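# Residue-level structural notes
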Amino acid sequence: MSTYALTEPELPITADDFAALEHRVLRMVDLLKSEREARAHAERKVAELHQALDSQAADFVRADEELSAFRREREEVRTRVERLLKQLDEVTA
């Protein structure tokens, strides 16, 4: 086995190549930072929306219970009015 096969060939890197690589790495770092900030912002927004949804769900449950109570009350009033009308009919007949 020759010693030539064990050593890696050296690639000459010019200052321009290194500067271009450095520029690309810095751009990638900036892009990664901005993407992380965007993700953090999106996660905060999702948390806010979940909180708002939970609040609205609680409001909906309360409103639904109140509506059911109003319907029961209306039926009770209707029954009482019908009974009173029936009693009036009996008196006038």
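Predicted model, so just to flag it, every value in this text is computed and none were measured. (Residues numbered from 1 in each chain as written. Predicted model: local features only at pLDDT ≥ 70, side-chain atom pairs only at ≥ 80, totals over all residues. Heavy atoms only, no water.)

### Notes on the overall build of the chain
Looking only at helices and strands, one finds 1 helix and 0 strands in the chain. For the chain, buried positions account for 0% of its 93 residues. When the accessible surface of the chain is totalled, it reaches about 9,400 Å², and 59% of it is carbon and sulfur. (Helix = DSSP H or I, 4+ residues; strand = E, 2+ residues; numbered from the N terminus. Buried < 20%, exposed > 50% of the residue type's maximum accessible area, 1.4 Å probe, protein only. Areas by Shrake-Rupley, 256 points an atom, 1.4 Å probe, with all protein chains shown as cover.)

### Some points on the pattern of salt bridges
Tallying each qualifying case throughout the model produces 3 salt bridges. For Arg62, the salt bridge identified is with Asp59, shortest N-O distance 2.2 Å. Note that Arg62 and Asp59 are positioned in helix H1 (residues 15-92) at a spacing of 3 residues, about one turn of the helix. Residue Glu75 is joined to Arg78 by a salt bridge in which the shortest nitrogen-to-oxygen separation is 2.9 Å. Of this pair, Glu75 and Arg78 both sit in helix H1, 3 residues apart, which is roughly one turn of that helix. The class of Arg78 is partly exposed, set by a relative accessible area of 42%. (Salt bridge = Lys/Arg side-chain N within 4 Å of Asp/Glu carboxyl O.)

### A short note on a nonpolar patch on the surface
Together, Val77, Val81, Leu85 and Leu88 give the surface a local cluster of nonpolar side chains, amounting to about 340 Å² of exposed area. Note on placement: Val77 falls in helix H1. (Patch = residues over 30% accessible without salt bridge, like charges linked within 9 Å, V, L, I, M, F, W, Y side chains within 5 Å.)

Without other data, these values stay purely geometric and don't point to any function.
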